2 protein chains.
Amino acid sequence: MADNRIAIIGTGLIGTSIGLGLAARPNRNYELVGIDRDRAAARTAKKLGALDREVGSLEEAVERAGLVIIATPVMAARRILEDLGRFLMPGAVVTDVCSTKAEVMRWAAEYLPETAHFVGGHPMAGKEKSGPEAASASLFEGATWAVTPSPRADERAVQAVLGLVETLGAIPLYIDPAEHDQYAAAVSHVPLIASVALFRMVRDSQGWEDAALLAGPGFRDMTRLASGDPTMARDIMLTNREAVLHWIGRLEAELRTIRTALESGAEPVYDLFYSTQLDRDTFIQNPPQRRRPEGAEPPSARDAIGRMFVGGLYDKIKEASDRLPAAPRDDRELKRKLGIEDERP
Amino acid sequence: MADNRIAIIGTGLIGTSIGLGLAARPNRNYELVGIDRDRAAARTAKKLGALDREVGSLEEAVERAGLVIIATPVMAARRILEDLGRFLMPGAVVTDVCSTKAEVMRWAAEYLPETAHFVGGHPMAGKEKSGPEAASASLFEGATWAVTPSPRADERAVQAVLGLVETLGAIPLYIDPAEHDQYAAAVSHVPLIASVALFRMVRDSQGWEDAALLAGPGFRDMTRLASGDPTMARDIMLTNREAVLHWIGRLEAELRTIRTALESGAEPVYDLFYSTQLDRDTFIQNPPQRRRPEGAEPPSARDAIGRMFVGGLYDKIKEASDRLPAAPRDDRELKRKLGIEDERP
């Protein structure tokens, strides 16, 4: 039973929400151990029921842990990946929830021992509030969860992370780390920048006090992301700077196009708003679905995390490793192996 | 009883929500008559209980109406103001809910007869969905409702509109029409532009299908305004173009500042997000309050709309008009008279 341990490193909004979701699983057969640089946050997570045990050192957290979940901002994840190797059980599965993936995958390859199986992750979910108090077991319900297995990760490790994702009610999406970072810049990081820019634009103007009186739900929604954790935001920008700068340029180009329409008269302005409304309504009503090649089955991960922790974990890891073919050497090969079509044809 | 009539012109989201709120008032003593260019929309509003009667002509709608509420996009409001004068009862109070105020005030002054009392209005509330089906009696609960009385409007007319605002649970804010349009451009119209720009930026990119798979609640929230009614959006831009272009310029300047921070390293990026988080949290937790001069009482409008419609309306209007001093000649004078501090010191 002591081997059936899941370690959560970082018990903020995301880490605590993961803990709550895992703790709620019926007949669960694993122990949830957590740690946070801010010990009070970890104690709160435990009080909320997201952890069975709160510990004071990384070693205590990950010793005998079969699955280690890094739920910190990106730069803190780097330091943890550097330190983790010494304490990891051979065969342990390591995942993360960081907002950028290419750098994280590089660090995992550089710092983790060969015996560790790293599968990157990024749940597309969040809240304006941070910290364990804002956590909820249903935070990931229906959310896309990007999954980026490292070349070293074996199928059992991928299945464990898919099991985690599905236990939390999220929908896994295989994606290349570099592609992830480009698209995340477009749909997440630059929207955050726009939110900050809109808030600063009004806040720093002379008319702020009067303008604020008129601010309604539109302004509050459009500036919600600006209330997010500044450390997380900084780390995103530092590790995805090039893509973010590219998409800021695209946003500036859109603003110039709209400015031209405004200066050209009623018809182009109407066309702009009309076609955008149509396109967005289509997106909301029929969001693009993940495509699978004809006949390919999705990975049967539904109960992988449960099965993984039914017996003594270490034995199962060994057993599974012996049974499986060697791990594929790169993501594309792995994706083919798992019958997941590459996202870019 | 036939004189106690309120006419709602335009039964979309806002008009129908107003009707629902007014219909719900206990012991109400007025009839709600509505009209919409799209007759099916008006029938839906009636079915939902927002109207007592749905009519087919402007004349039928406003004859013997003591209060006329124009709840259409701005350019349609212009045509209605042009046509309305012929049918209005002398002394009738006319108000609107349009998103821009300077042009509307000009049209009202130009087109309405001297016997009409125009008090402009703009509720800072809305929804991504339009049409009567999306309406709700609680839409305006706690929202700011900008009020811009025309020089010709007497105190009784202002009280009637304040009563309408407070009946719907909103908080009235006196503001100069030109100031309103500047601030609305900052907190409402340019956020709408940003929402459209963000959506188009991703939608028109080659990676749209893949990027959309990663789009989470942040992207959905930041592009929500882009699903609004395109006619309303077009009319806002046509009647507030100068202010909107000014604030787009400010937004572009903010984006350049952020770009510079991203290129300068970790510390300025952290400072940017940290100070913005602090400022926005302060705004959300302690929003600026409308300031009143020491000792001045707020207008006692709570039951003005009710009182207005207790007896035969026409008689009361005449009676009240005889009792009141001449209407003040401009907004500032009116504000002083009502003990409302000017928004700009």
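Within each chain, residue numbers correspond to sequence positions counted from 1 in written order. Here chains are named by letter from A upward and ligands by number from 1 upward, in the order in which they appear as written. For a predicted model such as this one, the threshold for reporting local features is a pLDDT of at least 70, and the threshold for listing and counting side-chain atom pairs is 80 or more; totals across whole chains, interfaces and linings nevertheless cover every residue. For side-chain calculations, the full set of non-hydrogen atoms in the structure is used, while hydrogens and water are omitted.

Novice: Which residues make up the overall build of chain A, and what values go with them?
Specialist: Along its length, chain A carries 15 helices and eight strands. Burial analysis of chain A (345 residues in total) assigns 60% to the buried set. Residues are treated as being in contact if the distance between any of their heavy atoms lies within 4.5 Å. Put simply, 77% of the contacts in chain A that link residues at least 6 apart link residues at least 24 apart. For chain A, the accessible area works out to roughly 13,900 Å², and carbon and sulfur atoms hold 47% of it. In this description a helix means any DSSP run of H or I spanning at least four residues, a strand means any run of E spanning at least two, and both kinds are numbered starting from the N terminus. For every residue, the accessible area (1.4 Å probe, protein chains only) is compared with the maximum for its type, and the residue is labelled buried under 20%, exposed over 50%, or partly exposed between those bounds. Each accessible area is a Shrake-Rupley estimate made with a 1.4 Å probe; only the visible protein chains count as cover when residues are assessed.

Novice: Got a sec to walk through the pairing of strand β4 (residues 65-70) of chain B? Specific residues and values, please.
Specialist: Residue and element names in this part refer to chain B. Counting buried residues in β4 gives six out of six residues, a clear majority hidden from the surface. Two strands make a pair as long as DSSP finds a minimum of two bridges between them. Sheet analysis places strand β1 (residues 5-9) next to β4, joined by five bridges and oriented parallel. Its bridge partner lying in β4, I6 is registered against L67. As defined by bridge partners, β4 adjoins strand β5 (residues 93-96) across four bridges and the pair is classed as parallel. Each bridged residue has a counterpart across the sheet, and for I69 the counterpart in β5 is T95.

Novice: So what about the packing of helix α7 (residues 177-203) of chain A against helix α10 (residues 230-239) of chain A? Which residues, and what values?
Specialist: Residue and element names in this part refer to chain A. For helices, the fitted axis covers only the stretch in contact; all axes are lines through C-alpha atoms, and the angles between them, taken along N-to-C directions, range from 0 to 180 degrees. Look at α7 against α10: their axes get within 11 Å of each other, and the N-to-C directions meet at 120 degrees. By the angle class used here, α7 and α10 are oblique. You can see that α7 and α10 cross each other, and the crossing is left-handed. Within the contact between the two elements, α7 uses H189, L192 and I193 and α10 uses A233, I236 and M237. Tallied by class, the residues present in the contact of α7 with α10 amount to five nonpolar, one polar and no charged. Comment on the angle field: the value is read as roughly parallel under 35 degrees, roughly antiparallel over 145, roughly perpendicular from 65 to 115, and oblique elsewhere. The sense of a crossing depends on the near helix, which, turned anticlockwise from the far helix by less than a right angle, makes the crossing left-handed and, turned clockwise, makes it right-handed. Three classes are used: nonpolar for Ala, Val, Leu, Ile, Met, Phe, Trp, Tyr, Cys and Pro, charged for Asp, Glu, Lys and Arg, and polar for all others, with Gly counted as polar.

Novice: Quick one: what's the story with the relation of the copies chain B and chain A, residue by residue and with numbers?
Specialist: We place the copies in one frame by least squares, fitting the C-alpha atoms of every residue whose pLDDT is at least 70 in both. The operation relating chain B to chain A is a screw motion whose rotation component is 180 degrees, with 0.0 Å of axial translation and a residual RMSD of 0.0 Å. Viewed as a symmetry operation, the transformation between the two copies matches a two-fold axis. When C-alpha positions in chain B are compared against the rotation axis, the closest is assigned to M222 of chain B, at 2.7 Å.

Novice: Can you break down the pattern of salt bridges residue by residue, with the values?
Specialist: Take a side-chain nitrogen of Lys or Arg and a carboxyl oxygen of Asp or Glu: if they are within 4 Å of each other, that pair is a salt bridge. In this structure the tally under the stated criterion is 26 salt bridges over all chains. Linked by salt bridges that have partners in common, R5, E31 and R53 of chain A make up one network.

Novice: Lay out empty space enclosed by the protein in plain terms, naming residues and giving numbers.
Specialist: Throughout, the protein atoms alone are placed on a 1 Å grid, and a set of points is a cavity if a 1.4 Å probe fits but cannot get out or a pocket if it is open with protein on both sides within 12 Å along at least five of seven lines; lining residues have an atom within 4 Å of a point. Grid points are joined across faces, edges and corners, and a volume is the space filled by probe spheres set on the points. A full pass over the atoms with the stated rule returns three cavities of 30 Å³ or more. Each pocket or cavity is described by its volume, and for the largest cavity that value is around 40 Å³. Lining the largest cavity are A194, L198, L251 and L255 of chain A together with A194, L251 and L255 of chain B. In the lining of the largest cavity, the residues fall into seven nonpolar, no polar and no charged.

Novice: Which residues make up the sheet that holds β5 of chain B, and what values do they have?
Specialist: All names here are of chain B. Spatial strand order, β3-β2-β1-β4-β5-β6-β7-β8: eight strands in an open sheet with mixed pairing. Two strands close off the open sheet at either side, each with one partner strand: β3 (53-54) and β8 (171-174). As defined by bridge partners, strand β2 (residues 31-35) adjoins β3 across two bridges and the pair is classed as parallel. Looking across to β3, one finds that V33 is bridged to R53. Seen against the sheet, helix α5 (residues 102-111) touches β5, β6 (117-123) and β7 (144-149) and runs at an angle of roughly 160 degrees to β6.

Novice: Quick rundown of α5 of chain B? Include the residues and the values.
Specialist: Of the positions making up α5 of chain B, those classed as buried are A102, V104, M105, W107 and A108 of chain B. Buried residues in α5 of chain B make contact with α4 (74-84), β5, β6, β7, α7 (177-203) and α10 (230-239) of chain B.

Novice: An account of the sheet that holds strand β4 (residues 65-70) of chain A is needed here, citing residue identities and associated values.
Specialist: Residue and element names in this part refer to chain A. Taken together, eight strands build an open sheet; the order of strands is β3-β2-β1-β4-β5-β6-β7-β8 and the sheet is mixed. Both edges of this open sheet fall to β3 (53-54) and β8 (171-174), since each of them pairs with a single strand only. Judged from the five bridges that link them, strand β1 (residues 5-9) and strand β2 (residues 31-35) form a sheet pairing that is parallel. Looking at β2, one finds that I8 is bridged to G34. Where helix α4 (residues 74-84) meets the sheet, its contacts fall on β1, β4, β5 (93-96) and β6 (117-123), and the angle it forms with β4 comes to roughly 155 degrees.

Novice: Kindly report on the side chain of R200 of chain B, identifying the contributing residues and their values.
Specialist: One can find R200 of chain B in helix α7. When its relative accessible area of 9% is taken as the criterion, R200 of chain B is described as buried. Leaving out residues up to four positions away in the same chain, R200 of chain B has contacts with E254, L272, S275, T276 and D279 of chain A.

Novice: Summarise the packing of helix α12 (residues 266-285) of chain A against α10 of chain B; cite the residues concerned and give the values.
Specialist: Viewed as axis vectors pointing N to C, α12 of chain A and α10 of chain B meet at an angle of 145 degrees, and their least axial separation amounts to 8 Å. For the pair α12 of chain A and α10 of chain B, the sense of crossing is right-handed. In contact with A266, V269, Y270, F273, Y274 and Q277 of chain A of α12 of chain A, α10 of chain B contributes P230, T231, A233, R234, M237 and L238 of chain B. Residue classes in the contact of α12 of chain A with α10 of chain B are distributed as nine nonpolar, two polar and one charged.

Novice: Lay out the confidence of the model for chain A with the relevant residues and their values.
Specialist: Predicted coordinates in regions of low pLDDT should not be interpreted in detail. Residue and element names in this part refer to chain A. Values of pLDDT, which run from 0 to 100, indicate the predictor's confidence residue by residue. Chain-level pLDDT for chain A is 86 on average; 83% of the residues reach the 70-or-more range. Contacts from residues 310-331, a stretch scored under 50 in pLDDT, to residues over four places away or in other chains number 40 contacts. Long-range and interchain partners of residues 333-345, a stretch whose pLDDT sits below 50, account for 35 contacts in this model, where long-range means more than four residues apart.

Novice: Kindly report on unusual backbone geometry, identifying the contributing residues and their values.
Specialist: Residue and element names in this part refer to chain B. Its identity is not glycine, yet N27 carries a phi of approximately 55 degrees, on the positive side. Structurally, the position occupied by N27 is in the loop between α1 (13-23) and β2. The exposure class of N27 is exposed, given its relative accessible area of 78%. Even without being glycine, R64 reaches a positive phi, approximately 60 degrees. When you line up the elements, R64 lands in the loop between α3 (58-62) and β4.

Novice: Please set out α7 of chain B residue by residue, giving values where relevant.
Specialist: All names here are of chain B. Working rule for helices: expected span equals 1.5 Å times residues minus one. Its 27 residues give α7 an end-to-end C-alpha distance of 36 Å, which sits within 8% of 39 Å, the value for a rise of 1.5 Å per residue. When you tally the buried positions in α7, you get 23 out of 27 residues, the bulk of the element. One side-chain oxygen of the residue at the start of α7 lies 3.1 Å from the amide nitrogen of A178, identifying that residue as D176. Distance and chemistry together define a polar contact, namely a pair of N or O atoms within 3.5 Å, with one atom able to donate a hydrogen and the other to accept it when in protein, and with adjacent residues in sequence counting only for side-chain atoms on both sides.

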